[in-house]
Amino acid sequence: MSGNMNLTLKVWRQKNDKTRGKFITYQANNISPDMSFLEMLDVVNEELVRKGEDPIHFDHDCREGICGMCSLHINGRPHGPKQGTTTCQLHMRSFHDGQTIVIEPWRAAAFPVIKDLAVDRSAFDRIQQAGGYINVNTGGVPDANSIPIPKVIADEAFESATCISCGACVAACKNASAMLFVSAKISQYALLPQGQTERYSRAQAMVAQMDAEGFGSCTNTGACEAECPVGIKLTNIARMNREYLTAKLFKEEEPH
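Reading guide: rules and limits
- Here the residue numbers are simple positions, counted from 1 along each chain's written sequence.
- Residues qualify for local features only when their pLDDT is at least 70, as the model is predicted, and side-chain atom pairs are given and counted only at 80 or more; totals for whole chains, interfaces and linings, by contrast, use all residues.
- Side-chain metrics rest on all non-hydrogen atoms present in the structure, leaving aside hydrogens and water.
- Where helices and strands are cited, they refer to DSSP runs of H or I of at least four residues and of E of at least two residues respectively, numbered from the N terminus.
- Note on exposure labels: buried denotes an accessible area under 20% of the residue type's maximum, exposed denotes more than 50%, and partly exposed covers the range between, all computed with a 1.4 Å probe on protein chains only.
- What makes two residues a contact is simply this: any of their non-hydrogen atoms within 4.5 Å.
- Throughout, the Shrake-Rupley method with a 1.4 Å probe supplies accessible areas, and for residues the shown protein chains are the sole cover considered.
- Here a strand pair is declared whenever DSSP counts at least two bridges between the two strands.
- Axes here refer to lines fitted to C-alpha atoms; in helices the fit is confined to the stretch in contact. Angles between the N-to-C directions go from 0 to 180 degrees.
- The patches reported here contain residues having more than 30% relative accessible area and no salt bridge. Joining distances are 9 Å for like charges and 5 Å for nonpolar side chains (Val, Leu, Ile, Met, Phe, Trp, Tyr).
- Note on definitions: salt bridges are taken to be side-chain nitrogens of Lys or Arg within 4 Å of carboxyl oxygens of Asp or Glu.
- Two rings belonging to Phe, Tyr or Trp (six-membered ring only in the last case) form a pair when the distance between their centres is within 6.5 Å. Interplanar angles under 30 degrees mark stacking, angles over 60 mark edge-to-face geometry, and anything in between is tilted.
- Charge-over-ring placement is defined geometrically: NZ (Lys) or CZ (Arg) within 6 Å of the ring centre, and within 35 degrees of the ring normal.
- Here a polar contact is recorded for every N or O atom pair within 3.5 Å, except that within protein the pair must consist of a potential hydrogen donor and a potential acceptor, and residues adjacent in sequence are included only if both atoms are side-chain atoms.
- What we call a nonpolar core is a set of buried Ala, Val, Leu, Ile, Met, Phe, Trp, Tyr and Cys residues that are connected through their side-chain atoms within 4.5 Å.
- Residue ranges assigned to the domains are those given by an automatic or database domain assignment.

As annotated in an unreviewed UniProt entry, the chain carries the name Succinate dehydrogenase / fumarate reductase iron-sulfur subunit and comes from Parapedobacter luteus.

Put into structure tokens, the structure is as follows:
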């Protein structure tokens, strides 16, 4: 694509989670196809500030597809039309001149709106705090190869650990389920020897916290895997269910 674009944006504006929101239409003119989606929003915000209007609030940090902060629902899809791509790595060449783009926040009761397109995802932090850790003895750091781990297992654990906690899985799910996220965090420990000490308590505690936060149940449609920008697989959910069932059968934790 050559030449700049003129776009129509329908952006969700909402003061906070206690007020009603609505779509506001903006024009984004002279947009380079080489801009990222967030750079395009920066241009729109600069124009709003020049007019003395409130800029559009949205989450971002590294803008390199690593941190998981960018969280926009673009034309009905988490992170936009390109599979395996975060919002910050989505470029405007994926759209065409004259197109209308609808931009919304993640839609989930467990992700209340902070303002406009920014949502509170601290529920994910609390789930990880409930069991996403290991206990180790203090002292010198052991050699990396002191505990032999088959490469297949190590690779699978690493793939689970690549989850960036963006919440696209929740936004894609009709039930706003967080099971793909939680299962990835459980799997990265369950597969390794270092994670065995808390194995039974971890699955129970993290699932209990997930339920307490108000996330829904898995729909089994696979929308979460399809929209995950880093390709976390559904097999993690199967592993989490096995870990949870095993824990309940052999070492059920007392509720706190």
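Which residues make up the overall build of the chain, and what are the values?
If you tally the helices and strands in the chain, you get eight helices and seven strands. A principal-axis box enclosing the C-alpha atoms of the chain has dimensions of 60 × 40 × 40 Å. Evaluated residue by residue, the chain yields a buried proportion of 43% over its 256 residues. Here the contacts in the chain between residues at least 6 apart in sequence split such that 70% fall between residues at least 24 apart. When the accessible surface of the chain is summed, it comes to about 13,400 Å², and 50% of that surface belongs to carbon and sulfur atoms.

Just give me the short version of the sheet that holds strand 3 (residues 73-74), but keep the residues and values in it.
Ordered in space as 2-1-5-3-4, the five strands form an open sheet in which the pairing is mixed. Two strands lie at the open edges of the sheet, namely strand 2 (22-31) and strand 4 (77-78), each paired on one side alone. Sheet analysis places strand 1 (residues 5-13) next to strand 5 (residues 100-104), joined by four bridges and oriented parallel. Across the sheet, Val11 pairs through a bridge with Ile103, a residue of strand 5. Against the sheet, helix 1 (residues 37-50) engages strand 1, strand 2, strand 3 and strand 5, with an angle of about 100 degrees to strand 2.

Can you explain a nonpolar patch on the surface? Please cite residues and give values.
Together, Leu245, Leu249 and Phe250 line one region of the surface with nonpolar side chains, adding up to about 380 Å² of accessible area. Of the residues examined, Leu249 reaches a relative accessible area of 62% and is grouped as exposed.

Describe in detail the pattern of salt bridges, supporting the description with residues and values.
Applying the stated rule across the entire model yields 15 salt bridges. Here Glu198 and Arg202 are joined by a salt bridge, their closest N and O atoms 3.3 Å apart. For the pair formed by Glu198 and Arg202, the shared burial category is buried. Each of the salt bridges in this network shares a partner with another, and the network as a whole consists of Arg13, Asp54, Lys115 and Asp116.

Residues and numbers for the packing of aromatic side chains, please.
Inspection of the entire model under this criterion finds six aromatic pairs. Arranged with centres 5.7 Å apart and planes meeting at 45 degrees, the rings of Phe37 and Phe95 form a pair that is tilted. Taken together, the residues Phe37 in helix 1 and Phe95 in the loop between strand 4 and strand 5 connect sequence positions 58 residues apart. There is no split in this pair, since Phe37 and Phe95 are both buried. Here Phe124 and Phe215 contribute two aromatic rings whose centre-to-centre distance is 5.9 Å and whose plane-to-plane angle is 35 degrees, an arrangement assigned as tilted. Here Phe215 lies in the loop between helix 6 (199-213) and helix 7 (223-227) and Phe124 lies in helix 2 (residues 122-131), a separation of 91 residues in the sequence. Chaining the aromatic ring pairs together yields one cluster made of Phe111, Phe124, Phe181 and Phe215. Seen from the ring of Trp12, Arg107 lies directly overhead, with NZ or CZ sitting 4.2 Å from the centre.

Break down the side chain of Glu104 for me, with residues and values.
Relative to the helices and strands, Glu104 is located in strand 5. Of note is the side chain of Glu104, whose polar atom sits 3.0 Å from the side chain of Arg107. Contacts of Glu104, omitting those with residues within four sequence positions, involve Trp12, Phe23, Leu72, His73 and Leu117.

Outline the nonpolar core, supporting the account with residue identities and numerical values.
Within the largest apolar cluster, 34 residues are counted, with the highest numbers of intra-cluster contacts made by Phe111, Phe124, Ile127, Val170, Val182, Met210 and Phe215. Per element, the largest residue contribution to this core is six residues, and it comes from helix 5 (residues 179-190). Residue assignment places this core across two domains, with domain 1 (5-115) and domain 2 (122-250) each supplying three or more. Once residues lying within four places of it in the same chain are set aside, the contact partners of Val170 are Ala108, Phe111, Phe124, Ala176, Ser177, Ala178 and Phe215. Residues Met5, Leu38, Ile56 and Leu72 belong to the second largest nonpolar core, which totals 27 residues.

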